[in-house]
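Now for the letters of each chain:
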Amino acid sequence: NRIPDDKFSEFDLGSVIENLNGKSFEEQLTTLDGRLQEENRNITRILKLQEDQEYLSDKVLRSGWLTMKGRKEWVKRWFILADNQLAFYDDEECKKSAGSIDITSECSIVRQMAVTDEESSKKFWPLKITIGDRKLFLRAESKKDRHSWFSVINSKICVIKYLEHCEKSGDRPDTRLIGVLKASSIPSIYFAHRDVNEGFMDSFSKGVLGCDELEDVALVNSGLNDELFTTLLGTITKLPQLKRLNFSKNKITGSVSDTFGSSITWKNLEDLDMSDNQLDDSFLKTLGANISASENLNSLILDGNKFTSEGVSELVNALSSSNIVLSGLYFNNNNLGDNGVDALLPLFSKFSFKKVNLAGNGITSKGASALAKALSESKVEELDLSQNNISAEGALALRDLMVSNNTLYNVRLSGNKDLSFDEKASGIFAASGFVFSDLTLS
C-alpha cells in the first residue's frame, strides 16, 4: 500500500482561477472535474499513508488471550492485532510469533453461536475468520471479549475495503465514515448533506455490525434510494438495540415498506423521522401493522411524502388502539385533503398533541372547520395549516378556536390562496378583548 515520494500541494484558488481564464464553459468543467479527481486521489493516498504509518509504528489495536483450533485440539494463545496483521504467540512474554494472518479486503469475520466445552463444561464465544480458502476458528472466554475482537477486526477489514473501493473508483473518501469505522465506541451516528454510494453503504453496513452500543442512526439528505436503503436495512435488522432512526430528505419509496417493517425492532423504537421522501400509503399500512409494539415511541415525523386519507386511516386505527404517547402530529406536504383530516379526527381525543402540522395538503374550509371543532378542548399549542385551500369560512372557525382554546398560541394560514380579505374575512379580527399571539395570514 505504500506510495513512494508522495508530494501533496496546498489548494491554491488563485492558480485554479487563472487556469480557467480564456477557456470555454465546457473546457472549464473538464478542467475542474480533472482537479476534483486529483483531489480525490490525494485524499485516498493520504488516508492510506496514515494506515501505513500505523503499520510502521507497530500500533497495537487489540491484544489478549483467545483459544484457537489447531490441527487436533483447541489451544490457548496470546493474540496481538497490530495494523493489518493478527499474530499469535505461545504466551505474553514470547517475542517471536507462532503464526500470523494478514488482514486484507479478502478477509471476513463472523460471530457464531456460543458453545459449551464437553470436558470442562465451560462456555465459549466463537469467531470465524475467513482468508480466501483458509479459516481460522477462535473462541473468547466472554461475550464482551468476543465482541471487542469482532469489532476491531471487522472495522479494520471495512476500512481497507473502502479505501480500495475509492482508489479504484476515483470516489472522494468520506472521512466521516473512516472516523466511525475506527472509533472504539459509537453510541450515535449522524451523516448529512452528502450523497452516499454503494461503496460507502457496503462498508458502513458491515462496519457497524459490531457496534452493540449504537442507539441512534441518521442518514439525512444523503441520496438514499431504495437499493441503498435496502442494504442498510439488512444491517438494521441485526442491531435490535436501535432506538432513534432518521432517514429524512432522501429518495426512499413505498416499495421498501415490507422490508422496512420486518427489519425494525419495534419494541425499542423511540423516534422515527421519514420526512421528505417518496413514501406512499403502503408505508403507512406497514406502520399500522407494527406500531402497536412501539410502546416507547415519542416522535413520528412523516412530512413531505405521498400519503393520502386511505393510508392515514390504516395508521389511525392502529394508533387508536395502542399505548403510544405522541406529542406531535407531523403530516405537512402530503395529499391528505379533507378526507385525511376526517381520518385523523379520532386521534385528537386520544393524544395530547402540542403541535399539529398539516400544511400543504389541499385542505379546504370544510376540513379546517372539522379540525377546529375537534381541537376545541385539546392541549394543542401550534397548528400549521399554511399552503392549503382554506377560505374565510375556515379561517373564522380557526379564529373561534383560538378564542376558546387558551393553550393554542400559534396558527399558520399563510399561502391559502382562497383566503381573501373581503367583508366576511374581516370578522377574523372582530373578537372583542382577544389578542392574537401569532396568526400568520401572509
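All values derive from a computational prediction rather than experimental measurement.

What counts, and where the lines are drawn
- Residues numbered from 1 in each chain as written.
- Predicted model: local features only at pLDDT ≥ 70, side-chain atom pairs only at ≥ 80, totals over all residues.
- Heavy atoms only, no water.
- Helix = DSSP H or I, 4+ residues; strand = E, 2+ residues; numbered from the N terminus.
- Phe/Tyr/Trp six-rings, centres within 6.5 Å; stacked < 30°, edge-to-face > 60°.
- Buried < 20%, exposed > 50% of the residue type's maximum accessible area, 1.4 Å probe, protein only.
- Axes fitted to C-alpha atoms, helices over the stretch in contact; angles between N-to-C directions.
- Parallel < 35°, antiparallel > 145°, perpendicular 65-115°, else oblique.
- Contact = heavy atoms within 4.5 Å.
- Nonpolar A, V, L, I, M, F, W, Y, C, P; charged D, E, K, R; others polar.
- Salt bridge = Lys/Arg side-chain N within 4 Å of Asp/Glu carboxyl O.
- 1 Å grid on protein atoms, 1.4 Å probe; cavity = no way out; pocket = protein on both sides within 12 Å on 5 of 7 lines; lining within 4 Å.
- Points joined across faces, edges and corners; volume = space filled by probe spheres on them.

Participant: Run through unusual backbone geometry, naming residues and quoting values.
Facilitator: Glycine aside, negative phi is the norm for most residues, and most peptide bonds take the trans geometry. In this model, Asp276 sits at a positive phi of 55°, which is unusual for a non-glycine residue. Here Asp276 is to be found in the loop between β12 (271–273) and α8 (281–290). In this structure, Gln387 takes a positive phi of about 55° despite not being glycine. For Gln387, the position within the fold is in the loop between β16 (382–384) and α12 (392–404).

Participant: So what's going on with the packing of aromatic side chains? Residues and values would help.
Facilitator: Under the defined criterion, the tally for this structure stands at 12 aromatic pairs. A centroid spacing of 5.5 Å and a plane angle of 40° characterise the contact between Phe79 and Phe88, whose relative ring orientation is tilted. Residue Phe79 shares its accessibility class with Phe88, and that shared class is buried. Arranged with centres 5.1 Å apart and planes meeting at 70°, the rings of Phe229 and Phe247 form a pair that is edge-to-face. In this pair, Phe229 sits in helix α6 (residues 226–236) while Phe247 sits in the loop between β11 (244–246) and α7 (257–263), placing the two residues 18 residues apart along the sequence. Exposure remark for Phe229: the relative accessible area of 0% places this residue in the buried category. Judged by its relative accessible area of 0%, Phe247 falls in the buried class.

Participant: Explain the packing of α8 against helix α9 (residues 309–320) to me, using residue names and the numbers behind them.
Facilitator: Close contact between α8 and α9 brings their axes to 8 Å; oriented N to C, the two are set at 10°. Between α8 and α9, the interaxial angle falls into the category roughly parallel. Contacts between α8 and α9 involve Asp281, Leu284, Lys285, Leu287 and Gly288 from the first element and Glu310, Gly311, Val312, Glu314, Leu315 and Ala318 from the second. Residue composition of the contact of α8 with α9, grouped by class: five nonpolar, two polar and four charged.

Participant: Report on helix α10 (residues 337–344), specifying residues and quantitative values.
Facilitator: Taken across its eight residues, α10 has six buried, putting it largely inside the fold. Among all positions in α10, only Gly337, Asp338, Gly340, Val341, Ala343 and Leu344 are buried. On its buried side, α10 packs onto α9, β14 (328–330) and α11 (365–374).

Participant: Please provide a residue-by-residue account of the pattern of salt bridges, values included.
Facilitator: With the rule as written, the count across this model stands at 17 salt bridges. Between Lys76 and Glu141 there is a salt bridge, with its nearest N and O atoms 3.3 Å apart. With Lys76 in strand β2 (residues 74–82) and Glu141 in the loop between β8 (134–140) and α3 (143–169), this residue pair connects regions lying 65 residues apart in the sequence. The class of Glu141 is partly exposed, set by a relative accessible area of 38%.

Participant: Mind laying out the layout of surface pockets, listing which residues take part and the relevant values?
Facilitator: Of the pockets and cavities examined, the largest pocket occupies roughly 450 Å³. Along its surface, the largest pocket is lined by 22 residues, and Val152, Leu181, Lys182, Ala183 and Ser184 are the ones closest to its centre. Elements with a contribution of two residues or more to the lining of the largest pocket: β1 (60–69), α3 and α4 (175–182). The greatest single-element share of the lining of the largest pocket, amounting to seven residues, is contributed by α3. Residues of the lining of the largest pocket, tallied by class, amount to eight nonpolar, eight polar and six charged. Class assignment for the residues of the lining of the second largest pocket results in nine nonpolar, three polar and five charged.

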